[in-house]
Amino acid sequence: MSLRHIWAVTRKEVNHIVRDRSTLILVLFTPTLVLLLMAYALTVDLKNIPVAVLDFDRSQTSQAFIQQITAGQDLDIYAYATSMDEINAMLMRGQIKAAVIIAPGFARDLQALKGIPLQVIIDGTEPESGNFAVEHIVQRAEEFIDDALTKQLRAQGIVIESLQPLDLRVQTWYNPDLKPRNALIPGLISMVLGFPALSVALTLAHEREHGTLEQLLATPITRAELLLGKIVPYIIVGLFNVIIIPLLSIAWFHISLNGSFLLFFGLSAIFMFSVLGMGMIVGVFMRTQAAALALSFLVLFFPGFFMTGIFFPLASMPEEARLEAMFLPGTHYALVTRGIFLPGVGMDVLWPYAVMMLGLGVVFMALAALFFRKKLA
Amino acid sequence: MPAIIETKNLIRDFKKTRAVDGLTLSIESGELFGLVGPDGAGKTTTLRLLAGLLDISEGDAAVLGFDLKEKAESIKPHIGYMAQQFSLYSELSVMENLQFFAELFDVESKDMAERTERLLTFAGLTEFKKRRAMNLSGGMQKKLALACTLIHEPQILLLDEPTTGVDPISRREFWNILTELHLRGTTIIVSTPYMDEADRCSRVGLMYAGKLVECDTPKNIREKLEGDVIEIQAGDWQKALETVSALGGVREAQTYGESIHLLVDSGERRLPEIERVLKKENLAYRSIRIAPARMEEAFISLIRKLEA
């Protein structure tokens, strides 16, 4: 192993990145840009859902009910409909996402403590908005009915504190406001730090396409020297991102880093090593940059999205998928980032993930060196 | 002299084609060996095999005594290989490219400055040493590529069409460099589509459909041409060409600018006949003579014979 050979390749690679400004910016800041984009795109708070109301009862009670469910910013009344046909037309045009239909006799039935008929129609083509509206309406309706009943009982001289028999007190630890962003961003970090691996996957194919690999293979450089020399610049790029991305998360998204930054940095370096190894394998097998790009998305980002537990809890996946996820460095790193950011855990909890990432990295690198041949075809 | 490159029934298959088909070749130390043949004859594959860049499908090949099937890596410090397409780093400068390959070929740091300077002078690139490779002309790029393959003073040079796409002056300069290296004792194997370049080699191998169909000195190859060449300088050369190419005994008719080269079975017999026909047809000509055969004629007639 000649350090001089490795250093020569590294220097050449750095020159290649630095001398083309667009390459430089892309390589350095893609993770940051993607993090910003995804953090905003994926954590939109639902509000101002347009709904229509069709009130067949037209009583004071039904008016009060409508006011109760539309108070606040969650639902907006788009129109007061006068017939089902109108509601149908508004749903078809996408003007409303839900409709509330109050049957005749609403006030009377409430007074008589009978089953109160209430119909909600939602637009199933946009389940998120529809479900959100239903949840909201059901909650407000329950409150409304609770209130009405309590008042009625009080009028009859019965005073009770609450109609709810269960005294439920939920405590949310680590993320007290249950802000999705607080949980999502540490997970996203593990995904966006995969981008330097994409660059690594492309670099060998780039040399193949430009014919420079032919000249390189005619020199006495060994396979390991070549691969190591090529990976070093991207480790540096990765570590640069490991520093700026937490800073961005803290300064911009106000996410508190509860654990040790040093531990985060160290474990991130191990993650970089293993994910770059994965990129190298892609680069070794793919002959063109287009193919390397496609395969990178297939093995680096696609499973990163669905299998590492960033968006879908690992526990609810089938066993095969969970097993497969164990071989993705991102799965372990997502647990590391969430662990260090939110509860602020230390190495006593995180060591198994560190061991897994390190092990995967060594295996990936070895496989890349094994399958890379100093031949043209 | 012992053979420095030796192949025996060398075969290289690609998915659908056999690019090199049973090549047996022996090249001695110090030769300037020219590899010629039509496009697709297997010249590039042969050079890549000899440089250890491709696996051998069947047969044997040894370079500097190292079996290429077992020890392809062992030859790399001793050979300089120059690919047909430009394969240096275009975003690096002339000097950086040289240094990069010097480091990969383990040129000692103390020799570095002296050697790069000498090669830059040799290739006429001294004043361009800070220029990025992408901004060099085609001819300069070729000379830089050659300089990079010479940086470790290899015993064997494998050059794949080093002058294709280069202007005539650069081409001549390039060959002057090769001749100088040849005189210093470097073994050179060069593929070329140009017959005048083949003429400058000490030995020429003609490849056709993956096989070595002829291998001899340029002089002997020229002599193998059966028949003679008659050169005619005619006024209306197109009409003259039409007329004479149909005559008996004419095997080939080629044009070089305005002069017509006829390959005939016997010059002495056919020259008077052709003169007679030209006069009869009222075709004016400035001169008609039996000319010495050139590599080009020999090459074309050999290929035509193989194609038939």
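A. Broad picture of the overall build of chain B. Assigned secondary structure in chain B consists of 11 helices and 14 strands. Projected onto the principal axes, the alpha-carbon positions of chain B cover approximately 75 × 45 × 40 Å. In chain B, buried positions account for 42% of the 308 residues. Long-range pairs, those at least 24 residues apart, make up 69% of the contacts in chain B between residues at least 6 apart in sequence.

B. Broad picture of the domain arrangement of chain A. On domain assignment, one finds that chain A holds domain 1 (15–42 + 182–371) and domain 2 (49–155). Here the C-alpha centre of domain 2 of chain A lies 49 Å away from the C-alpha centre of domain 1 of chain A.

C. Representation of unusual backbone geometry within the structure. All names here are of chain B. Despite not being glycine, glutamate 153 has its phi angle at roughly 50°, a positive value. For glutamate 153, the position within the fold is in the loop between α5 (138–150) and β7 (156–160). Take glutamate 153: there are 14 C-beta atoms within 10 Å of it, and that puts it in the partly exposed class.

D. Focus on the domain arrangement of chain B. Assigned domains of chain B: these are domain 1 (3–222) and domain 2 (226–292). For domain 1 of chain B versus domain 2 of chain B, the separation of C-alpha centres amounts to 39 Å.

E. The arrangement of the sheet that holds strand β2 (residues 75–81) of chain A in detail. Residues and elements named next belong to chain A. Reading across the sheet, the 4 strands line up as β2-β1-β3-β4 and stay open at both edges, with mixed pairing between neighbours. Both edges of this open sheet fall to β2 and β4 (118–122), since each of them pairs with a single strand only. Taking each pair of neighbouring strands and ignoring which way they run, the sheet shows an average axis angle of 25°. Pairing geometry for strand β3 (residues 98–102) and β4, over 5 bridges, is antiparallel.

F. A look at helix α10 (residues 223–251) of chain A. Here α10 of chain A spans 43 Å end to end across 29 residues, near enough to the 42 Å set by a 1.5 Å rise per residue. Valine 232 of chain A marks where α10 of chain A bends most, by close to 25°; the proline proline 233 of chain A follows one to four residues later.

G. Molecular detail of the sheet that holds strand β3 (residues 32–36) of chain B. Residues and elements named next belong to chain B. Strands sit in the order β6-β7-β8-β3-β9-β10 across an open sheet of 6 strands; the sheet is mixed. Looking at which strands have only one partner, the edges of the open sheet turn out to be β6 (79–82) and β10 (211–216). Going from strand to strand, the sheet's axes swing by 15° on average, the running direction of each strand aside. Pairing analysis gives 4 bridges linking β3 to strand β9 (residues 203–208), with the strands arranged parallel. Paired with glycine 34 across the strands is valine 204, a residue of β9.

H. Representation of the packing of helix α8 (residues 195–210) of chain A against α10 of chain A in the model. All names here are of chain A. Viewed as axis vectors pointing N to C, α8 and α10 meet at an angle of 160°, and their least axial separation amounts to 9 Å. One element, α8, and the other, α10, form an angle in the roughly antiparallel class. The element α8 and its partner α10 pack so that their crossing is right-handed. When α8 is examined against α10, the residues Pro196, Ser199, Val200 and Thr203 are found in contact with a partner set consisting of Lys230, Ile231, Tyr234, Val237 and Gly238. Among the residues making up the contact of α8 with α10, the classes are represented as 5 nonpolar, 3 polar and 1 charged.

I. Fine view of the nonpolar core. By size, the foremost hydrophobic cluster in this structure holds 147 residues, and its most contacted members are Met280 of chain A together with Ala147 and Leu158 of chain B. Setting aside residues no more than four positions away along its own chain, alanine 147 of chain B makes contact with Leu98, Leu119, Leu120, Phe122, Ala123 and Leu125 of chain B. Membership of the second largest hydrophobic core comes to 23 residues, among which are Ala52, Ile87, Leu110 and Ile121 of chain A.

J. Main features of the confidence of the model for chain B. With 100% of its residues at a pLDDT of at least 70, chain B reaches an overall mean of 90. Scoring of the predicted complex yields 0.79 for pTM and 0.84 for ipTM.

K. Layout of the environment of glutamate 214 of chain B. Residues and elements named next belong to chain B. Here glutamate 214 shows up in strand β10. Counting along the chain gives 108 residues from glutamate 214 to aspartate 106, while the straight-line C-alpha distance between them is 38 Å. With near-sequence residues (within four places) excluded, glutamate 214 lies in contact with Leu206, Ile221 and Leu302.

L. Quick peek at the interface of chain B and chain A. Residue-level contacts link 23 residues of chain B with 21 residues of chain A. Looking at the side of chain B that touches chain A, the element that brings in the most residues is helix α3 (residues 94–104) of chain B, giving 4 residues. Class assignment for the residues of the side of chain B that touches chain A results in 14 nonpolar, 2 polar and 7 charged.

M. Here's a closer look at the packing of helix α1 (residues 3–19) of chain A against α3 of chain B. Axis separation between α1 of chain A and α3 of chain B bottoms out at 8 Å; the angle between their running directions is 155°. On the basis of the axis angle, α1 of chain A is roughly antiparallel to α3 of chain B. Both α1 of chain A and α3 of chain B take part in a crossing whose hand is left-handed. Between α1 of chain A, through Arg4, His5, Ala8 and Lys12 of chain A, and α3 of chain B, the contact on the second element is made entirely by Phe100, Glu103 and Leu104 of chain B. Here the contact of α1 of chain A with α3 of chain B is composed, by residue class, of 3 nonpolar, 1 polar and 3 charged.

N. Spotlight on α1 of chain A. Taking 1.5 Å of rise per residue, the 17 residues of α1 of chain A would be expected to cover 24 Å, and the 24 Å separating its terminal C-alpha atoms lies within 8% of that figure. Where α1 of chain A is buried, its residues meet α8 and α10 of chain A together with α3 of chain B.

O. Region of the structure containing the pairing of strand β1 (residues 49–55) of chain A. Residue and element names in this part refer to chain A. For β1 and β2, the ladder comprises 6 bridges, and the chain directions are parallel. Paired with valine 53 across the two strands is tyrosine 80, which belongs to β2. The parallel pair β1 and β2, bridged by helix α3 (residues 60–70), forms a crossover whose chirality is right-handed. Across 5 bridges, β1 lies against β3 in parallel orientation. Looking across to β3, one finds that alanine 52 is bridged to alanine 99.

P. Structural context of the environment of proline 2 of chain B. Residue and element names in this part refer to chain B. Of note, proline 2 is situated in the segment before β1 (3–13). Judged by the 8 C-beta atoms lying within 10 Å of it, proline 2 falls in the exposed class. Sequence separation between proline 2 and arginine 294 is 292 residues; the distance between their C-alpha atoms is 31 Å.

Rules of the game
What you see as residue numbers is a count from 1 along each chain, following the sequence as written. Written order determines the labels here, with chains lettered from A and ligands numbered from 1. In view of the model being predicted, local features appear only for residues whose pLDDT reaches at least 70, and side-chain atom pairs are presented and counted only at 80 or more, with totals across whole chains, interfaces and linings using the full set of residues. Counting from the N terminus, the helices are the DSSP runs of H or I reaching at least four residues and the strands are the DSSP runs of E reaching at least two. Every C-beta atom is placed from the backbone, and the number of other C-beta atoms within 10 Å of a residue's own sets its class: buried at 20 or more, exposed at 12 or fewer, partly exposed in between. Here, residue contact means that the backbone-derived C-beta atoms of the two residues sit within 7 Å. How far each domain reaches was decided by an automatic or database domain assignment. We call two strands paired when DSSP finds no fewer than two bridges between them. Fitting a line to C-alpha atoms yields each axis, with helices limited to the stretch in contact; the angle taken between N-to-C directions then spans 0 to 180 degrees. Under the convention used throughout, the expected extent of a helix is 1.5 Å for every residue step, that is, one less than its residue count. Working definition for bend: take the seven residues up to and ending at a residue and the seven starting at it, fit an axis to each, and measure the angle between the axes. The cut-offs work like this: below 35 degrees is roughly parallel, past 145 is roughly antiparallel, 65 to 115 is roughly perpendicular, and the gaps in between are oblique. A clockwise turn of the near helix away from the far one marks a right-handed crossing, whereas an anticlockwise turn of less than a right angle marks a left-handed crossing. For this scheme, ten residues count as nonpolar: Ala, Val, Leu, Ile, Met, Phe, Trp, Tyr, Cys and Pro. Four count as charged, namely Asp, Glu, Lys and Arg, and the remainder, Gly too, count as polar. Here, a nonpolar core means buried Ala, Val, Leu, Ile, Met, Phe, Trp, Tyr and Cys residues linked by C-beta atoms lying within 7 Å of one another. A residue's pLDDT is the predictor's confidence in that residue, given on a scale from 0 to 100. A right-handed crossover is one whose linking path, passing over the helix from the first strand to the second, runs clockwise when the strands point away from the viewer.

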